[in-house]
Every structure is written in structure tokens, then in C-alpha cells.
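Residues per chain are reported as follows:
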Amino acid sequence: MSPSTATTRIGAHVEQTDPIAEALARDTTLVQFFLGDPQGYKGPEVRFDGGAAALREAAEDAGVDLYVHAPYIVNVATTNNRIRIPSRKLLQQHMDAAAEIGAKGLIVHGGHVNKTDDPAVGFDNWRKAIDATDIKVPLLIENTAGGDNAMARHLDRIAGVWDAISSAEGAEKVGFCLDTCHAWAGGIDLGDAVDKVRGITGRIDLVHANDSRDGFDSGADRHANFGQGHLPPDEFAAVVREAGAPVICETPGGAAEHVADFAWLREHL
């Protein structure tokens, strides 16, 4: 482990009721969680005792950085108005809630268009979504694992999204979250993934460190604990090392399993 990687900050996705307790249980200073139902349009909900202000204060007192993951159902790229319009509303609601708790970023999946749609329409819908969103904390677009019509599975599609949003108001507040499982399962070679993503986006703000239960280019979003999946350990560690960004593990289990994953990763960095 080099001196630079010795200070790599590694945290985990945790249950949302008391993220500070979850951070302390893992001896970490950063955690990610949902605000409310990850599969519903109902809107964000702060379940921490005392609400948003109390969570913000508790996090500041404990020195814990908070990241919020937007609901999986958010799809601002789609041509389906019945999904795109509620998705934009939901994204803004979660952006507002993330700002209220003092989050360091809001992570959102790239979404997809329909089979017969021109991907360029999806790219432009992303531009419109950025224009329409009051971005109060960094909005981090995450690469995804599956779907031939996905906006952020393949590098050329990620480039299409980035080219489109570059002209949107607030584009400088949009960053990138690189998921290692999604990259592997999505067919992105890990060997030069960091260089290629940076070449497109200019930045990597967060790493979702996950092993993959399935093979390369499988399209399957199935996370595994470190060393128990298909990712080559040296390439996996190299992505984390080269990205130089905070790390969130979204692996199965609770505090004990996450602590073991932290240790595995530090040993390989």
C-alpha cells in the first residue's frame, strides 16, 4: 500500500434509520443511504430521530460524510412522459433533502431509453433534466450494469450524456460515480476504466466498490463481497487506487461483512 492509498477513505451503503451509528459500527467516516423508498415515487423521508437538522448536526459532530442514493426508479432519460416527469420531480425532492442533511453528493443512475428510441433523445433529456434541476449538492451520475438501451452502461453512451449536459446550466455541479461491479458486468475493461472515464467526464467523484457475482459483460447487477466474485483482485484494487476518490462499498451483509471488505481492499491497495 502506498502512502496515498493508506489514506483512502472507505465507507459503506447502510440502513437509513441511523447512519451515524452505522458509520461508528464500521469505524468509518463516510456512509451512503437512501432517503425513503428506493423503489417508490413517494418522495424522500428522513427516518433519523429528530429529522434532517438533527442528522446534519449529528454527522458534523461525528465527522461523518453523508452520501444519498436517489431511488432506483429515477429515469430522466426516458421518452415516456409518465416516467420522465415524475423522475425529474423525485430527483429534485431528493436533491433538496440531501442538501438539508448536509450530504456531500446525490448519486443517480443513468437511466435508459426504449428499444426503438434514438439514444440522442435520451442524451438531450439528460440535458433538460440538469437545466431543470436546482443542484444544491454535487449530482453524481453512476454507470450501470445492464440494458442495451442504457445511458451509462457503455463508454460511448456515457460520452453522449456528458456531451449533452455540458451545455446545461449547472453542469459544473455534475460529477461521476464509478461502480466497479457495474463496469465489469457492463463490459468496460477495468484495466483502463479510470483513464477512459476521466477522458470523458474529466472527473471521478466517488467509487462504488463492489465485486461481481457474474462474469464480464454479463449485464447482471449482482454485487458480491470482495474476493468472492469475478473481479480480478489486482484490477479491482487498481481502479480504486487510480480513481483517488472516496469509496463506498455496496456489498452484502452488515457491519462485520463490511469491515472485512474494508480490510480486504486496504490489503490489496
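- The protein chain is annotated in an unreviewed UniProt entry as Deoxyribonuclease-4 of Nocardioides cavernae.
- Quoted straight from UniProt, the Cofactor (unreviewed entry) entry for the protein chain says "Zn(2+)".
- The record in UniProt for the protein chain states the following under Sequence similarities (unreviewed entry): "Belongs to the AP endonuclease 2 family."

1. Remarks on the packing of aromatic side chains
- Per the counting criterion, the structure on display carries 6 aromatic pairs.
- A ring pair is formed by Trp 184 and Phe 216, whose centres lie 5.2 Å apart and whose planes are at 75°; its orientation type is edge-to-face. Taken together, the positions of Trp 184 in helix H7 (residues 180–186) and Phe 216 in the loop between strand E8 (211–212) and strand E9 (223–224) put the pair 32 residues apart, joining distant regions of the chain.
- Judged by its relative accessible area of 41%, Phe 216 is partly exposed.
- Where Phe 226 meets Trp 264, the ring centres are 5.7 Å apart and the plane angle is 55°; that geometry is what we call tilted. With Phe 226 in the loop between E9 and helix H9 (233–243) and Trp 264 in helix H10 (residues 255–268), the pair connects residues that are 38 residues apart, well separated along the chain.

2. With respect to the pairing of strand E5 (residues 139–142)
- Side chains Leu 139 and Ile 141 project from E5 onto one buried face, and the interleaved Leu 140 and Glu 142 project onto a second face that is buried too.
- Pairing analysis gives 4 bridges linking strand E4 (residues 105–109) to E5, with the strands arranged parallel. Within E5, the position partnered with His 109 by the bridge is Glu 142.
- Running through helix H5 (residues 119–132), the crossover from E4 to the neighbouring parallel element E5 is right-handed.
- Sheet analysis places E5 next to strand E6 (residues 174–179), joined by 4 bridges and oriented parallel. Directly across from Glu 142, in E6, lies its bridge partner Cys 177.

3. Let's talk about the environment of Tyr 67
- Its place among the elements puts Tyr 67 in strand E3 (residues 65–69).
- Considered as a pair, Tyr 67 and Ile 107 are 40 residues apart in the sequence and their alpha carbons are 7.6 Å apart.
- Sequence-distant contacts of Tyr 67, that is, excluding residues within four places in its chain, are made with Leu 30, Val 31, Gln 32, Phe 33, Lys 104, Gly 105, Ile 107, Leu 140, Leu 206 and Pro 246.

4. Some points on the sheet that holds E6
- Pairing is parallel in the closed barrel, where 8 strands are placed in the order E1-E2-E3-E4-E5-E6-E7-E10. Strand-to-strand twist in this sheet, taken as the mean axis angle between neighbours without regard to direction, amounts to 30°.
- In the packing of helix H4 (residues 81–100) onto the sheet, the strands contacted are E3, E4 and E5, and the crossing angle to E4 comes to about 155°.
- Contacts from H9 reach E6, strand E7 (206–209) and strand E10 (247–249) within the one sheet, and its direction differs from that of E7 by about 165°.

5. Structural notes on the nonpolar core
- With 74 residues, the main nonpolar core has Phe 33, Leu 66, Ile 101, Trp 126, Ala 209 and Leu 265 as its most contacted residues.
- When near neighbours in sequence (up to four residues on either side) are disregarded, Leu 66 contacts Ile 20, Val 31, Phe 33, Leu 55, Ala 59, Ile 101, Ala 103, Lys 104 and Gly 105.
- Among the nonpolar cores identified, the runner-up in size contains 7 residues, and Leu 30, Ile 107, Leu 140 and Leu 206 belong to it.

6. Focus: H9
- Burial in H9 covers these residues: Phe 236, Ala 237, Ala 238, Val 239, Val 240 and Ala 243.
- In the segment just after H9, Gly 244 is the residue with positive phi, at about 60°.

Parameters at a glance
- For every chain, the first residue of its written sequence is number 1, and the numbers climb from 1 along that sequence.
- Where local features are concerned, this predicted model is filtered to residues with pLDDT of at least 70; where side-chain atom pairs are given and counted, the filter is 80 or more; whole-chain, interface and lining totals use all residues.
- No hydrogens and no water enter the side-chain calculation; it runs on all heavy atoms of the structure.
- UniProt positions are given in the numbering used here, feature names are shortened, and annotations may be inferred rather than shown by experiment.
- Stacked, tilted and edge-to-face pairs are distinguished by plane angle, under 30 degrees for stacked and over 60 for edge-to-face with tilted covering the rest, among Phe, Tyr and Trp rings (Trp via its six-membered ring) whose centres lie within 6.5 Å.
- Runs of E in the DSSP output that reach at least two residues are strands. Runs of H or I that reach at least four are helices, and both are numbered from the N terminus.
- Here the term buried applies to any residue with accessible area under 20% of the maximum for its type, exposed to any over 50%, and partly exposed to those in between, with areas from a 1.4 Å probe on protein chains only.
- Two strands are counted as paired when DSSP detects at least two bridges linking them.
- Crossover handedness is defined here as right-handed if the route from the first strand over the helix to the second strand goes clockwise, with the strands pointing away from the viewer.
- Should any heavy atoms of two residues lie within 4.5 Å, those residues are considered in contact.
- Angles here are taken between N-to-C directions and fall from 0 to 180 degrees, while the axes themselves are lines fitted to C-alpha atoms, restricted in helices to the stretch in contact.
- We define a nonpolar core as any set of buried Ala, Val, Leu, Ile, Met, Phe, Trp, Tyr and Cys residues linked to one another through side-chain atoms lying within 4.5 Å.

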